[in-house]
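# An overview of the molecular structure
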Amino acid sequence: MRATPVAATLLAALLAPLGGCAQNGGRPAPDSAASATTAPAVPVVLTKSGGIVGLEDTVTVEPDGRWTRVDRAGASRTGRLSDTDLDRLRRLASDSRLVAEATATIPATMCADAFSYRLTVGPTTTSYVDCPPELTPPPATAAVVDLLTQATG
């Protein structure tokens, strides 16, 4: 009569995934892998440098929305992104275009005193020089730059 314990174990193993549905009103439990893609658990770092005065500002945003902005003299400011800005940052940070923009070849610029932007999201780093007459900034990177520049002042 060993079949009964084996059958019971097999039945329990097959029904275990459905346990989450019973606790959520019949809906499947949220998939943690899907949540991870919309909310990267890595800091987002933006460095803006250059310009006529030799600017060097770095903004670091933690996964929970806390940010720190440090200038070239070492002075820092801190804050927290609004829920709306944090949601937008999470969507932009998981945009597949960032990887494509990071691997794209960018021609050298002839702009003097232009601002350079370097954005790092996890293992992905992308950058561009803000030189409008010569080229258009990569759209996903520029969207994150604009968001962080406006949100962190």
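Residues numbered from 1 in each chain as written. Predicted model: local features only at pLDDT ≥ 70, side-chain atom pairs only at ≥ 80, totals over all residues. Heavy atoms only, no water.

### Structural notes on the sheet that holds strand S3 (residues 66-70)
Convention followed: Strands are treated as partners if at least two bridges between them are detected by DSSP. Secondary structure elements are taken from DSSP: a helix is a run of H or I of four residues or more, a strand is a run of E of two residues or more, and numbering for both begins at the N terminus. Axis geometry follows a simple rule: fit a line to the C-alpha atoms, using only the stretch in contact for helices, then measure angles between N-to-C directions, giving values from 0 to 180 degrees.
The sheet built from six strands is open, its strands ordered S4-S3-S2-S1-S5-S6 with antiparallel pairing. In this open sheet, the two strands that pair with only one neighbour each are strand S4 (76-80) and strand S6 (124-130). Geometrically, the sheet is characterised by an average inter-axis angle of 15 degrees between neighbouring strands, direction not taken into account. Relative to S3, strand S2 (residues 55-61) runs antiparallel, the two sharing four bridges.

### Things to note about the environment of Asp-64
Here is the rule: Residue contacts follow a heavy-atom distance rule, with two residues in contact if any of their heavy atoms lie within 4.5 Å. Within 3.5 Å is the distance limit for a polar contact, defined as a pair of N or O atoms, with the added protein rule that one can donate a hydrogen and the other accept it, and that residues adjacent in sequence qualify only through two side-chain atoms.
Tracing the backbone shows Asp-64 in the loop between S2 and S3. As a C-alpha pair, Asp-64 and Pro-43 span 21 residues in sequence and 9.1 Å in three-dimensional space. Each residue touching Asp-64, except ones within four places of it in the same chain, is listed here: Arg-80 and Leu-86. Within the structure, Asp-64 has its side chain in polar contact with the side chain of Arg-66 (distance 2.8 Å).

### A look at the pattern of salt bridges
Opposite charge on two side chains permits them to pair, given that their charged atoms come into close proximity. Which entries qualify depends on this criterion: A side-chain nitrogen of Lys or Arg and a carboxyl oxygen of Asp or Glu constitute a salt bridge if their distance falls within 4 Å. Each residue is placed in one exposure class: buried if its accessible area under a 1.4 Å probe, protein chains only, is under 20% of its type's maximum, exposed if it is over 50%, and partly exposed if it falls in between.
Applying the stated rule across the entire model yields three salt bridges. A salt bridge links Asp-57 to Arg-69; its shortest N-O distance comes to 3.5 Å. One end of the pair, Asp-57, is in strand S2; the other, Arg-69, is in strand S3, and 12 residues separate them in sequence. Under the relative-accessibility criterion, Arg-69 is labelled buried at 14%. Between Arg-66 and Asp-64 there is a salt bridge, with the nearest N and O atoms lying 2.8 Å from each other. Its relative accessible area of 41% is what places Arg-66 among the partly exposed residues. Judged by its relative accessible area of 36%, Asp-64 falls in the partly exposed class.

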